[in-house]
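Residue-level structure breakdown
Next come the chains, spelled out residue by residue.
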Amino acid sequence: MKARSSAKRLKRKRTNAAASKRLAEGLYSAIAGRSQRRGAVGELGELDSGAVSQKGLITLSDFNSKNAAGRRVVKVPEELQSNVLLVIAQLGKIATALEKEHGGPIQIALVSGWRSPEHNARVGGAKESQHLIGRAVDFRAYVQQTEETGEITNRLIPHAETASTILELMRAGEITKGGYKAYNSFTHYDIRGYIQHW
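Quick summary incoming for the structure in this document. All values reported here derive from a predicted model rather than from experimental measurement.

Rules behind the numbers
Residues numbered from 1 in each chain as written. Predicted model: local features only at pLDDT ≥ 70, side-chain atom pairs only at ≥ 80, totals over all residues. Heavy atoms only, no water. Core = buried A, V, L, I, M, F, W, Y, C linked by side-chain atoms within 4.5 Å. Buried < 20%, exposed > 50% of the residue type's maximum accessible area, 1.4 Å probe, protein only. Helix = DSSP H or I, 4+ residues; strand = E, 2+ residues; numbered from the N terminus. Contact = heavy atoms within 4.5 Å. Phe/Tyr/Trp six-rings, centres within 6.5 Å; stacked < 30°, edge-to-face > 60°. Lys NZ or Arg CZ within 6 Å of the ring centre and 35° of its normal. Salt bridge = Lys/Arg side-chain N within 4 Å of Asp/Glu carboxyl O.

Counting residues in each nonpolar core, the largest one holds 31 residues, and the members touching the most others are Phe63, Ile108, Phe139 and Tyr189. Only helix H2 (81-102), strand S3 (106-112), strand S4 (136-146) and helix H4 (159-171) provide two or more residues apiece to this core. Looking at this core element by element, the count peaks at 9 residues for H2. Setting aside residues up to four positions removed in sequence, Phe139 forms contacts with Leu91, Ile94, Ile108, Ala109, Leu110, Val111, His159, Thr162, Ile166, Phe186, Thr187 and Tyr189.

Turning our attention to the packing of aromatic side chains. For any pair of aromatic rings, the description rests on two quantities: the centre-to-centre distance and the angle between the ring planes. Counted by the stated rule, this structure contains 1 aromatic pair. Above the ring of Tyr183, the side-chain terminus of Lys181 is found at 5.4 Å from the ring centroid.

Take the pattern of salt bridges next. Taken as a whole, this structure holds 2 salt bridges when the rule is applied. In this structure, Asp138 engages Arg115 in a salt bridge whose closest nitrogen and oxygen atoms are separated by 3.2 Å. You can see Asp138 sitting in strand S4 and its partner Arg115 sitting in the loop between S3 and helix H3 (117-122), a full 23 residues away along the chain.

Right, dumping it as structure tokens:
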């Protein structure tokens with residue numbers, strides 16, 4: 001009898017996990033499709049040494065962490081993927097607002113997404129960092145410009161301007177409220193549920 005109950009619980013758990021994964025993939029597909037049509041979070045390319053080097057839309061794998069040695073990639077745990085997808089959706093909205101402000105396509109370069117506890121400790125992250133639960137992102141935003149020569153360049157948007165846009169969007173209820181800060185080399189944003197600046 002116990003074996004049958006355990007088998008039923010295991011089957012139910014697998015079914016629930018599969019349903020959650022399908023929901024997350026469907027949500028991401030919807031987000032990615034809208035972003036691709038708008039050009040909000042698009043070709044990332046080699047923007048600078050800290051930029052995401054692969055081309056395409058921001059995905060769950062872009063939020064993977066490094067291990068304690070800073071080398072091997074550690075995938076975002078399945079139970080945190082819905083948090084990451086929500087952050088990706090907010091990045092799309094931030095990029096759209098920046099595009100309107102700056103008059104050109106926006107490219108987002110991720111600096112840090114989800115962090116494993118080991119990697120968070122290695123980089124000196126806060127013990128209760130939102131990065132640990134997949135609810136934070138550090139990034140740089142670039143606006144694509146066409147020079148008089150016809151050359152297309154990517155200009156870094158000052159982090160203070162990006163942080164200001166994030167605050168305006170949170171106050172207007174257009175993105176999830178959270179923590180934000182303009183650091184020297186990136187902008188931090190998280191979805192903790194209330195506005196906080198430090």
